[in-house]
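Chain by chain, the residues:
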Amino acid sequence: MNDKVIAMLLAGGQGSRLKSLTYTIAKPALPFGGKYRIIDFPLSNCTNSGIETVGVLTQYQPHVLHQYIGLGTPWDLDRRNGGVTMLPPYAEIDGIKWYAGTASAIYQNISFLKSCDPAYVLILSGDHIYKMDYEALVDYHKEHEADVTISVLEVPWEDASRFGVVNVNDSMDVMEFDEKPEKPKSNLASMGVYVFKWEKLKEYLETDNVNEASSHDFGKDILPAMLEKGEKMVAYPFKGYWKDVGTVESLWEANMDLLDLNSGLNLHDPGWRIFSSNPQLPPQVINETGDVQASMVNEGCVISGKVFKSVIFQNVTIEEEASVSECVVMSGAKIRKGAKLHRAVVPPRLDVPEGFEIPGQQDEVILLTQEQLDEWKERVGK
Amino acid sequence: MNLLAVVDTSVKKEGLQDLTIQRAISSVPFAGRYRLIDFPLSNLVNSGVNTVGVFPSSPFASLLDHIGVGKSWDLDRRKNGLFFLPITQRDGGLSTVGAFAGLEEHMQFFTKSIQPYAIVTNGFVVNQLDFREMLNHHIESGADITEAVSEGVSLKNYILSKDLLVELIQTHRDKNVVSVEDVVNLKKSPYTFNQYEYKGYFAIIDSVQSYFQASMGLLDEENRKQLFLPGRPIYTKVKDEPPTRYVTGSSVKRALIANGSTIMGEVSDSIISRAVNIKKNARLEKCIIMQKCVIEENCDLSYVIADKDVYIGEGVVLHGTAEQPIVLRKGEKVTKEDMR
């Protein structure tokens, strides 16, 4: 019996609320947690769940992602059979079609899916930070003999209207699916992780494709259409850490969660490793004047200043008398002598000049930019 | 590149026994995240050498596990690449570099390769040798054998023509010589010699003392600048360790720390490898702690070398000296009860 599972990972998102962080990279390529990119999480979940065929759908700024994933070696996806396949939009005899929505992205790769001949298709998003056993999800889907299973998470009621919300009965059958409802009837939010029977998915994608009224989106079109036709849709209750990093603030928060031993996001668990490409850098150095507390620091760093409650990516230099607190300092950034930062996200390779400070007690999270530094330099006459 | 490489990892040094019971010298951990073999292998690939024979003697499981097919050094190639050529004879390996009896077991490596020159290097001298430059020096000198030296000390790296190397391997018994190093040290020699002067960082690791000294030397920024050159990275087998976690209340000064560790205690003048766990109120000074060690609460350690997977129980006090650091062997468990 064919029970092959293949994963389709949607990684074309722009993440416009992340401002300059995603001008040149797609949101799934966003650096996170001192050494990772967000896409490491779903990819590593695939590796750890025994899923060996993964299609990665890219569209917005795909170069960094394509280069980063390469043959998929860090995730053991460099396989003779299956492995990782990068799926950007492509030209056909009728011209190029961009991916208009999540469902159209999958539909346009239907020939790839057909060539894989799966029994189940797992739809994933490259925007989320979480550790999840997809094998358990697929098993649940099989046990419930569902046509589609939606992975759901309990969220605070006040946040529910930001998500696709499902209403379920006692046996977890989905009765209603509301995409971003104004008045949510439930606080079970869809994580954008679905398992479909391939035959059903194919049928609905083909119907949706010719429906001109459709926005070609899973949450808005495909799932409601399936419910309407009475297909068996069940919800899989996921428990654990899950975060959608859509804004600078939520990216910062997710990094801070790593420093909280009770947040549920433990990267130090050898049983569920998050794999990533590993640059070849020497160990980190903490110098005589360095002071690191409640923080995470990656390889290649040289710390001579104060680091408090911060996540420090590879190759960062923090000079003497400089201090960072509650900061996320991305790879290759330099915090020069005496500079002081609080609640700042420092983009890769930014060189924060000597003595730089943001005046006043700033509590909101800021994304530091080169323009801001130039402005400061002009003001203080450096 | 017209140079092929012989990495003689069969060399044995008495003084390093505590760290080499279950492994070759070349797979001794160094500088927190490396094995000694990483340095010659990285130098070779950074110099453009891509035909590399590694000649280990037993026990070599640890070395094989580390280098595998050579992927970390881009030596997993269809053409040329890494050749793992173990010496099968019992007690293979000498205290000198380039043992002919070992090389003789793998004559095919030499006869099949097309490179006219050979570099014979080793796994216990840490340096940043540029073999391309050394080869040019050798060719210009017209000598039979070129030896790399620094400050009057031999780095035990030799370049000679492949033909001469093959001839030496085939006739070493008649000539009564055992290794390339042995040939270079002959009082009366039919060969001409040249020395290539190397400027830069080097450390010869042939005893626990020299290992300790070289390790501590890396806490000196000047040494690190010479060893970790941005254009010539040191490659090693990658592990997917997360960044190291510094917990509130920890204190770390003058330390080299690899990824994956969790530090709650007090660490100074020390080298901490990957995935080490240092618990609350533990105090470490001048220590070298290798992969996956656990140091429990309230320990007080100085001048201690803890090999991989060592467990140091709550409240253990161990003080060695610079001349005689205490070595805890791989997998050893030390508890307060053992101290009495």
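Refer to the structure above for everything that follows.
Quick summary incoming for the structure in this document. Counting of residues starts from 1 at the beginning of each chain's written sequence and follows it residue by residue. Here every chain gets a letter starting at A, and every ligand a number starting at 1, in the order they are written. Per-residue local features of the predicted model are confined to residues with pLDDT of at least 70, and side-chain atom pairs are confined, for both listing and counting, to 80 or more; whole-chain, interface and lining totals are unaffected and use all residues. Here the side-chain values reflect all heavy atoms present in the structure, with hydrogen atoms and water set aside.

## Considerations on the overall build of chain A
(1) Moving on: A count of helical and extended segments in chain A gives 9 helices and 29 strands.
(2) Moving on: On C-alpha atoms alone, chain A measures out to a radius of gyration of 22 Å, which is about the 21 Å that the 2.2 N^0.38 rule sets for 382 residues.
(3) Moving on: Expressed as lengths along the three principal axes of its C-alpha atoms, the size of chain A is roughly 65 × 45 × 45 Å.
(4) Moving on: Burial classification: accessible surface area is computed with a 1.4 Å probe over protein chains only, and a residue below 20% of its type maximum counts as buried, one above 50% as exposed, and the rest as partly exposed. Evaluated residue by residue, chain A yields a buried proportion of 58% over its 382 residues.
(5) Moving on: Each accessible area is a Shrake-Rupley estimate made with a 1.4 Å probe; only the visible protein chains count as cover when residues are assessed. Of the accessible surface of chain A, which amounts to about 16400 Å², a share of 47% is contributed by carbon and sulfur atoms. Secondary structure elements are taken from DSSP: a helix is a run of H or I of four residues or more, a strand is a run of E of two residues or more, and numbering for both begins at the N terminus. Our radius of gyration looks at C-alpha atoms and nothing else; its globule reference is 2.2 Å times the residue count to the power 0.38.

## Some points on a positive patch on the surface
All names here are of chain A.
(1) Moving on: Patches draw on residues past 30% relative accessible area with no salt bridge. Two like charges within 9 Å are joined, as are two nonpolar side chains (Val, Leu, Ile, Met, Phe, Trp, Tyr) within 5 Å. By definition here, a salt bridge exists when the distance from a side-chain nitrogen of Lys or Arg to a carboxyl oxygen of Asp or Glu is within 4 Å. None of His or the chain ends enter the tally, which takes Lys and Arg as positive and Asp and Glu as negative. Charge placement uses NZ in Lys and CZ in Arg. For Asp and Glu, CG and CD serve respectively. Among the surface-exposed residues, Arg 17, Arg 162, Lys 180 and Lys 220 lie close enough to one another that they form a single positively charged patch.
(2) Moving on: For Lys 180, the position within the fold is in the loop between strand E12 (174–179) and strand E13 (188–197).
(3) Moving on: We classify Lys 180 as exposed; its relative accessible area is 53%.

## Overview of the nonpolar core
(1) Moving on: The term nonpolar core refers to a set of buried residues drawn from Ala, Val, Leu, Ile, Met, Phe, Trp, Tyr and Cys, joined through side-chain atoms within 4.5 Å. Formed by 109 residues in total, the largest nonpolar core has its most connected members in A:Met8, A:Ile69, A:Ile106, A:Leu122 and A:Phe196.
(2) Moving on: Those residues in contact with A:Ile69 that lie beyond four places of it in its chain are A:Ile39, A:Leu43, A:Val56, A:Trp75, A:Val84 and A:Met86.
(3) Moving on: Membership of the second largest hydrophobic core comes to 84 residues, among which are B:Leu19, B:Val49, B:Phe212 and B:Phe228. We call two residues in contact whenever any of their non-hydrogen atoms come within 4.5 Å of each other.

## Section: the packing of helix H6 (residues 198–210) of chain A against helix H7 (residues 218–228) of chain A
Residues and elements named next belong to chain A.
(1) Moving on: Relative to each other, H6 and H7 sit at 115 degrees, their axes nearing to 10 Å. Crossing hand, H6 versus H7: right-handed. Residues Lys 200, Leu 201, Tyr 204, Leu 205 and Asp 208 of H6 pack against Phe 218, Asp 221, Ile 222, Ala 225 and Met 226 of H7. For helices, the fitted axis covers only the stretch in contact; all axes are lines through C-alpha atoms, and the angles between them, taken along N-to-C directions, range from 0 to 180 degrees. Handedness of a crossing follows from how the near helix is turned relative to the far one, being left-handed for an anticlockwise turn of less than a right angle and right-handed for a clockwise one.

## Some details on the interface of chain B and chain A
(1) Moving on: In this complex, chain B contributes 36 residues to the contact, which on the side of chain A involves 35 residues.
(2) Moving on: Along the contact surface separating chain B from chain A lie 3 salt bridges.
(3) Moving on: Between A:Glu288 and B:Arg254 there is a salt bridge, and its shortest N-O distance comes to 2.1 Å.
(4) Moving on: Breaking the side of chain B that touches chain A down by element, the ones donating at least two residues are strand E12 (244–246) and strand E13 (251–257) of chain B.
(5) Moving on: The biggest single contributor to the side of chain B that touches chain A is E13(B), with 6 residues.
(6) Moving on: Under the convention adopted here, Pro, Cys and the residues Ala, Val, Leu, Ile, Met, Phe, Trp and Tyr are nonpolar, Asp, Glu, Lys and Arg are charged, and Gly plus all remaining residues are polar. Residue classes in the side of chain B that touches chain A are distributed as 16 nonpolar, 10 polar and 10 charged.

## Quick notes on the pattern of salt bridges
(1) Moving on: Using the criterion set out here, one finds 33 salt bridges over all chains in the structure.
(2) Moving on: Its salt-bridge partner being A:Glu52, residue A:Arg79 comes within 3.4 Å of it at the nearest N-O pair. Here A:Arg79, found in the loop between helix H2 (63–69) and strand E5 (83–87), pairs with A:Glu52, found in the loop between helix H1 (40–48) and strand E4 (53–57); they are 27 residues apart in sequence, far enough to count as distant.
(3) Moving on: Overall, A:Arg79 belongs to the partly exposed group, its relative accessible area being 38%.
(4) Moving on: Taking relative accessible area as the criterion, A:Glu52 reaches 39% and is therefore assigned partly exposed.
(5) Moving on: Note that B:Glu266 is salt-bridged to B:Arg283, the shortest N-O span being 3.9 Å. Residue B:Glu266 is located in strand E15 (residues 266–272), and its partner B:Arg283 is located in strand E17 (residues 283–285); the two are separated by 17 residues in the primary sequence.

## Structural notes on the environment of A:Lys4
Residues and elements named next belong to chain A.
(1) Moving on: Within the secondary structure layout, Lys 4 lies in the segment before strand E1 (5–10).
(2) Moving on: Judged by its relative accessible area of 32%, Lys 4 falls in the partly exposed class.
(3) Moving on: Considered as a pair, Lys 4 and Ile 51 are 47 residues apart in the sequence and their alpha carbons are 8.9 Å apart.
(4) Moving on: Residues within four places of Lys 4 in sequence aside, it is in contact with Thr 53, Cys 116, Asp 117, Pro 118, Ala 119 and Tyr 120.

## A look at helix H8 (residues 248–259) of chain A
Residue and element names in this part refer to chain A.
(1) Moving on: The end-to-end C-alpha distance of H8 is 17 Å, a good match for the 16 Å that 12 residues give at a rise of 1.5 Å each.
(2) Moving on: Most of H8 is tucked away, with 10 of its 12 residues classed as buried.
(3) Moving on: Buried residues of H8: Val 248, Ser 250, Leu 251, Trp 252, Ala 254, Asn 255, Met 256, Asp 257, Leu 258 and Leu 259, and no others. The span expected for a helix works out to 1.5 Å for each residue beyond the first.

Everything listed here is a matter of geometry and, on its own, says nothing about what the molecule does.
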